[in-house]
Amino acid sequence: MMKVLVTVKEVAEVEDDFEIDGLDVDPRYLEYDLNEWDEYAVETAVQLAEASDEDVEVVSATIGPERSEETIRMALAKGVDRAVRVWDDDVEAAEFLDVDSKVRLLEAVVEEEDPDIVLTGVQAHDTGFGATGVALADAIDFEWGAVVNDLDTEGVLEDGVARVHRELEGGVEELTEIDLPAVLTIQTGINEPRYASLRGIRQAQSKEIAPKTLSDLGLDHTAVESELFLTDMYEPETESDATYFEGDAGEQATQLATALREKGVGAE
């Protein structure tokens, strides 16, 4: 059986009006969802499985607390077969997971799963590092292609070659062939992520989400040691001197006209 491993991440969306609690946004003002780039990676993984003449298993891997399983099940509802979730007290206690920390955890998952191809989103909506996929490829010694915005899904796993378009700087696109096993970082717009059907949502409830601790992966607390840490969290002060006019449309128009006259606008 061939295998596709797709990394997914739960990211937080912050409400327009929020409060800060220490070095983080107060959880009351957060809503969680699947990272946008990862949605495209999930769709690519499922399309690879559907286009293959062989049996293909699609496995998702995430680093996140038990709460994130609700989000992970959305990937399962879209066609992912099963999931692996890495978390324990040491990961939770880590102040900040940098790229190296994430790569060490995902590297251990790759070693266990032995996939033919690994797909990641180009970046995460929250941190925006944009480096985890390529760093993972280097750690596991896979070929790689970054910022892939087109992929010929037909025959990839059987032929062992991924034919991809990559988005380069200056609007330049590169067409290249990458031998498997490989890591591809997937750009938004490569496809149209499917909606989870009602049937898929029901099936997702019975699909496996395997919790993994550092110990399960042969790691210890040093795997999540990071040189990055948060020093402060604050709402930036606006430097704008914009004036907001209160009242209905007529009152706002009168105030605007007065302000424009005071500024000399329209004066002869």
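Quick caveat, the model's predicted, so the values are computed rather than measured. (Residues numbered from 1 in each chain as written. Predicted model: local features only at pLDDT ≥ 70, side-chain atom pairs only at ≥ 80, totals over all residues. Heavy atoms only, no water.)

Considerations on the overall build of the chain
Put simply, the rule is: Going along the chain from the N terminus, every DSSP run of H or I of four or more residues is numbered as a helix, and every run of E of two or more is numbered as a strand. When we talk radius of gyration, it's over C-alpha atoms, and the globule rule is simply 2.2 Å times the number of residues to the 0.38. When a residue's accessible area, from a 1.4 Å probe over protein chains only, is under 20% of the maximum for its type it is buried; when over 50% it is exposed; and in between it is partly exposed.
For the chain, the helix and strand inventory stands at 8 helices and 13 strands. Since a compact globule built from 268 residues should have a radius of gyration of about 18 Å, the 23 Å found for the chain marks it as more spread out than a globular shape. Taken along its principal axes, the extent of the C-alpha atoms in the chain is 80 × 40 × 40 Å. Here the chain holds 268 residues, and 43% of them are scored as buried.

What about the layout of surface pockets?
Rules: With a 1 Å grid spanning the protein atoms alone, the term cavity applies to any set of points in which a 1.4 Å probe fits but cannot get out, the term pocket to an open set with protein on both sides within 12 Å along at least five of seven lines, and the term lining residue to any residue with an atom within 4 Å of a point. Grid points are joined across faces, edges and corners, and a volume is the space filled by probe spheres set on the points.
The computed volume of the largest pocket comes to approximately 1,500 Å³. Lining the largest pocket are 47 residues; nearest its centre among them are Lys9, Glu10, Phe96, Asp126 and Thr127. Of all elements in the fold, only strand S2 (10-14), strand S4 (24-25), strand S5 (30-34), strand S6 (56-63), helix H3 (89-93), helix H4 (99-113), strand S8 (117-121) and helix H5 (132-140) reach the threshold of two or more residues within the lining of the largest pocket. Here the lining of the largest pocket gets 4 residues from one element, more than from any other, and that element is S2.

Digging into the packing of aromatic side chains
Worth spelling out the cut-off: When two rings of Phe, Tyr or Trp (its six-membered ring) have centres within 6.5 Å they constitute a pair, described as stacked for plane angles under 30 degrees, edge-to-face for angles over 60, and tilted for the intermediate range. For a lysine, the NZ atom is tested; for an arginine, the CZ atom; a charge sits over a ring if that atom is within 6 Å of the ring centre and within 35 degrees of the ring normal.
Under the criterion given, the structure shown has 1 aromatic pair. Look at Phe96 and Phe129: their rings are 6.3 Å apart centre to centre, the planes differ by 80°, and that puts the pair in the edge-to-face class. Of this pair, Phe96 sits in the loop between H3 and H4 while Phe129 sits in the loop between S8 and H5, placing them 33 residues apart in sequence. Take Phe129: its relative accessible area is 34%, and that puts it in the partly exposed class. Here the basic side chain of Arg67 rests over the ring of Tyr32, its NZ or CZ set 3.9 Å away from the ring centre.

Digging into the nonpolar core
This is how the line gets drawn: As used here, the term nonpolar core means buried Ala, Val, Leu, Ile, Met, Phe, Trp, Tyr and Cys residues forming a set that is joined through side-chain atoms within 4.5 Å. What makes two residues a contact is simply this: any of their non-hydrogen atoms within 4.5 Å.
In this structure, Val4, Val6, Ile117, Leu119, Leu151, Leu184 and Ile186 are the most contacted members of the largest nonpolar core, which totals 35 residues. With 6 residues, the single largest contributor to this core is helix H1 (residues 36-51). With residues up to four places along the chain from it excluded, the contact list for Leu151 reads Thr44, Leu48, Val156, Ala162, Arg163, Val164, Leu184 and Ile190. Membership of the second largest hydrophobic core comes to 26 residues, among which are Ile63, Val84, Val86 and Ala94.

Points about the environment of Ile201
Counting through the fold element by element, Ile201 comes out in helix H7 (residues 198-204). Through-space distance from the C-alpha of Ile201 to that of Lys263 is 59 Å; in sequence the pair is 62 residues apart. Dropping the residues within four chain positions of it, Ile201 is found in contact with Ala77 and Ala196.

So, H1
Because an α-helix packs 3.6 residues into every turn, residues spaced three or four apart end up facing the same way. Note the threshold: Residue count minus one, scaled by 1.5 Å, sets the expected span of a helix.
Helix length check: H1, at 16 residues, gives a terminal C-alpha distance of 23 Å against a target of 22 Å (1.5 Å per residue), a fit within 8%. Listed in full, the buried residues belonging to H1 are Trp37, Asp38, Tyr40, Ala41, Val42, Glu43, Thr44, Ala45, Val46, Leu48 and Ala51.

Observations concerning the domain arrangement of the chain
The condition is simple: Throughout the structure description, domain borders are defined by an automatic or database domain assignment.
The domains assigned to the chain are domain 1 (2-224) and domain 2 (238-267). For domain 1 versus domain 2, the distance between C-alpha centres works out to 49 Å.

Notes on the UniProt feature "domain: Electron transfer flavoprotein alpha/beta-subunit N-terminal" (unreviewed entry) in the chain
The criterion, for reference: UniProt positions are given in the numbering used here, feature names are shortened, and annotations may be inferred rather than shown by experiment.
Within this numbering scheme, the UniProt entry marks residues 22-221 as carrying the feature "domain: Electron transfer flavoprotein alpha/beta-subunit N-terminal" (unreviewed entry). Secondary structure across residues 22-221 divides into 32% helix and 28% strand, with the first and last C-alpha atoms of the span separated by 24 Å.

Examining H4
Relative to the 21 Å expected for 15 residues at 1.5 Å per residue, H4 spans 21 Å between its end C-alpha atoms, a close match to the ideal helical length. On the buried face of H4, the contacting elements are strand S1 (2-7), S6, strand S7 (82-86), S8 and H5. Where H4 ends, the next residue or the one after it, Asp114, has phi of about 55°, a positive value.

Remarks on the sheet that holds strand S12 (residues 182-186)
Consider a sheet: its strands pair through backbone hydrogen bonds, and that pairing is either parallel or antiparallel. Worth spelling out the cut-off: What makes two strands pair is DSSP finding at least two bridges between them. The axes are straight lines fitted to the C-alpha atoms, using for helices just the contacting stretch, and the angles between their N-to-C directions are given from 0 to 180°.
On the basis of which strands lie adjacent, the open sheet formed by 9 strands has the order S11-S10-S9-S12-S8-S1-S6-S7-S13 and mixed pairing. Lying at the two open borders of the sheet, with one neighbouring strand each, are strand S11 (173-179) and strand S13 (209-212). Neighbour-to-neighbour, the strand axes of the sheet open up by a mean angle of 30°, direction not taken into account. Bridge count between S1 and S6: 6 bridges; the pairing is parallel. Considered in S6, the bridge of Lys3 is made with Glu57. Sheet strands touched by H5: S8, strand S9 (143-151) and S12. Its angle to S12, the strand with the most contacts, is close to 175°.

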